[in-house]
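Each chain, written out:
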Amino acid sequence: MKEQGQFSFSSEGLQMVQNSEPIEVYWADVREITAYKVDLLTVDEIRIDIVTHEAIITITEETPGYYTFKVKLKTIFPDSDMEWEEKVVKSAFAENLTIIYKK
């Protein structure tokens, strides 16, 4: 739960690899961060979307480094919704779209 997985963090942003493509997101470019669940028939999967002017980057519970990423969000965006996870998981098989951060 403490491994950085495919993430590399700096004071300016994050770097990661998704679908064999390197991705760089600058914290200053983040417009919104949302979390929600997707029904995968037998289980739900939490997903986090990072929205910038150029793209939407989706991170899931299965993304290596997911737990470290969640902790980093609280540090980088201290005005974000710190209770987002409880809101997203509270009802099984419901999307529960929650805005974590909005610029």
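The structure presented is a predicted model; accordingly, all values stated were derived computationally and were not measured. (Residues numbered from 1 in each chain as written. Predicted model: local features only at pLDDT ≥ 70, side-chain atom pairs only at ≥ 80, totals over all residues. Heavy atoms only, no water.)

The helix and strand inventory of the protein stands at two helices and seven strands. For the protein, the sequential pattern of α-helices and β-strands runs β-β-β-β-β-β-α-α-β. In summary, the protein has a C-alpha radius of gyration of 13 Å against a globular reference of 13 Å for 103 residues, a match within 12%. In terms of principal-axis extent, the alpha carbons of the protein reach across some 35 × 30 × 25 Å. Across the 103 residues that make up the protein, the buried fraction comes to 39%. Of all intrachain contacts in the protein linking residues separated by at least 6 positions in sequence, the fraction that spans at least 24 positions is 47%. Carbon and sulfur atoms form 51% of the exposed surface of the protein, whose accessible area is close to 6300 Å². Charge separation in the protein, taken as the distance between the mean sites of 11 positive and 19 negative side-chain charges, equals 5 Å. (Helix = DSSP H or I, 4+ residues; strand = E, 2+ residues; numbered from the N terminus. Rg over C-alpha atoms; globule rule 2.2 N^0.38 Å. Buried < 20%, exposed > 50% of the residue type's maximum accessible area, 1.4 Å probe, protein only. Contact = heavy atoms within 4.5 Å. Areas by Shrake-Rupley, 256 points an atom, 1.4 Å probe, with all protein chains shown as cover. Lys, Arg positive; Asp, Glu negative; His and termini not counted. Charge placed at Lys NZ, Arg CZ, Asp CG, Glu CD.)

So yeah, pure geometry; function would need other evidence.
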